[in-house]
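A look at the structure
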Amino acid sequence: MTLLTIWPDDDPATVLTRTEDGETIADELKQLGVRFERWPVVENLPAAPTSEEVLAAYEPYVARVVENEGYLLVDALHMTPEDTEEWRTKAAEARQKFLNEHTHDDDEDRFFARGAGVFYLHANDKVHAVLCEAGDLLSVPANTTHWFDMGTRPDYVAIRFFHDEDGWVGNFTGARPADIFPDFDTLSAGRG
């Protein structure tokens, strides 16, 4: 299940909200202009799927989002753990990049077909951590300050939607609140 945790942006020790209730999560995020949906999960994706395989599996849902939101570019990527030094280096570098707080000139829509990741939305003097899991679509509006954590051993498949053919372009703020807030591994381990 998806997990939403909200803290004051200057006090990661004080939890204001912690919920796995989908309606509550959607309502809280809607106040930030963030769209949250759940789609049925396709269970038979290959371990390391191609972008085409993922997009074909979710074609009706992807088509609806593209039609409603006017996206020009849609792809899928995966981070599938491998027991190699090359993979561990690639995963660590990718994680560090996305832990830096940033914005985008475009909306950031992500659907998790497998695995999990946490979007941290920094708005209204609060940090909203949305631990997304398979079946979750999160649409972060353009110019929303945020960061993303995929954990120390990333394992996910995500569909990405773009209005611009340049794809993912981050405008980094220079701040790194990720260093003081609970990370993906901590949030995942503290569930249940």
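Our subject is the structure listed above.
Residues numbered from 1 in each chain as written. Predicted model: local features only at pLDDT ≥ 70, side-chain atom pairs only at ≥ 80, totals over all residues. Heavy atoms only, no water.

1. Concerning the environment of Glu53
Applicable threshold: Starting at the N terminus, helices and strands are each numbered in turn, a helix being any DSSP run of H or I of at least four residues and a strand any DSSP run of E of at least two. We call a residue buried when its accessible area falls under 20% of the maximum for its residue type, exposed when it is over 50%, and partly exposed in between, using a 1.4 Å probe and counting protein chains only. Should any heavy atoms of two residues lie within 4.5 Å, those residues are considered in contact. Think of a polar contact as two N or O atoms within 3.5 Å of one another; within protein, one of them needs to be a possible hydrogen donor and the other a possible acceptor, and neighboring residues in sequence only count if both atoms come from side chains.
Tracing the sequence through the fold places Glu53 in helix H2 (residues 51-57). Owing to a relative accessible area of 36%, Glu53 belongs among the partly exposed residues under this scheme. Discounting chain neighbours no more than four positions away, the residues touching Glu53 are Leu45 and Pro46. A polar contact is formed between the side chain of Glu53 and the backbone nitrogen of Thr50, at a distance of 2.8 Å.

2. Side note on the packing of aromatic side chains
As a reminder of what qualifies: Classification of ring pairs uses Phe, Tyr and Trp, with its six-membered ring standing for Trp, and accepts pairs whose centres are within 6.5 Å; under 30 degrees between planes counts as stacked, over 60 as edge-to-face, and the remaining range as tilted.
With the rule as written, the count across this model stands at 13 aromatic pairs. An angle of 55 degrees between the planes, with centres 5.3 Å apart, marks the rings of Trp7 and Phe181 as tilted. Of this pair, Trp7 sits in strand E1 (residues 3-8) while Phe181 sits in the loop between strand E11 (171-172) and helix H5 (184-189), and the two are 174 residues apart along the sequence. We note that Trp7, like Phe181, is buried. Consider the rings of Tyr120 and Trp147, whose centres lie 4.8 Å apart with planes at 5 degrees: the pair is stacked. Placement of Tyr120 in strand E6 (residues 108-123) and of Trp147 in strand E9 (residues 146-149) is noted, with a sequence separation of 27 residues between them.

3. As for the side chain of Thr144
The topology assignment puts Thr144 in the loop between strand E8 (136-140) and E9. For Thr144, a relative accessible area of 13% translates into the label buried. A polar side-chain atom of Thr144 sits 2.8 Å from the main-chain carbonyl oxygen of Pro141. Sequence-distant contacts of Thr144, defined by excluding residues within four places in its chain, comprise His102 and Thr103.

4. Quick notes on the layout of surface pockets
Over the atoms, a rolled probe matching the size of one water molecule traces out where space is still vacant. Cut-off, in case you're wondering: A 1.4 Å probe that fits into a set of points on a 1 Å grid over the protein atoms alone but cannot get out defines a cavity; an open set with protein on both sides within 12 Å along at least five of seven lines defines a pocket, and lining residues are those with an atom within 4 Å of a point. Grid points are joined across faces, edges and corners, and a volume is the space filled by probe spheres set on the points. Ten residue types, Ala, Val, Leu, Ile, Met, Phe, Trp, Tyr, Cys and Pro, are classed as nonpolar, four, Asp, Glu, Lys and Arg, as charged, and the remainder, Gly among them, as polar.
Of the voids in this model, the largest pocket is the one considered here, and its volume is about 290 Å³. Along its surface, the largest pocket is lined by 18 residues, and Leu77, Phe98, Met150, Tyr156 and Arg160 are the ones closest to its centre. A class-by-class count of the residues in the lining of the largest pocket yields eleven nonpolar, three polar and four charged.

5. What to know about the pairing of E9
Just so we agree on the cut-off: Whether two strands pair comes down to DSSP finding at least two bridges between them.
Taking every second residue as pointing to the same face, both faces of E9 are buried, with His146 and Phe148 on one and Trp147 and Asp149 on the other. As paired strands, E6 and E9 are joined by four bridges and run antiparallel to one another. Its bridge partner lying in E9, Tyr120 is registered against Trp147.

6. Some remarks on helix H1 (residues 22-30)
Short version of the rule: Each C-beta atom gives one direction from the helix axis, and the arc is the one those directions make.
Those residues of H1 not exposed but buried are Gly22, Ile25 and Leu29. Taken end-on, H1 shows its buried residues confined to a sector of 60 degrees, consistent with a single buried face. In H1, the exposed positions angled more than 90 degrees off the buried face are occupied by Glu23 and Lys30.

7. Things to note about the nonpolar core
To keep things clear, this is the line we draw: In plain words, nonpolar cores are sets of buried Ala, Val, Leu, Ile, Met, Phe, Trp, Tyr and Cys residues tied together by side-chain atoms within 4.5 Å.
Leu29, Phe119, Leu121 and Leu138 are the most contacted members of the largest nonpolar core, which has 24 residues in total. Going through the elements one at a time, E1, H1, helix H4 (85-99), E6, strand E7 (126-133), E8 and strand E10 (156-162) are the ones with two or more residues in this core. Sequence-distant contacts of Leu138, that is, excluding residues within four places in its chain, are made with Leu29, Val34, Arg35, Phe36, Glu108, Asp109, Arg110, Phe119, Val130 and Cys132.

8. Considerations on the environment of Leu45
Checked against the element boundaries, Leu45 lands in the loop between strand E3 (35-38) and H2. The residues touching Leu45, leaving out its near neighbours within four places in the chain, are Glu53, Val54, Ala57, Tyr58 and Ala113.

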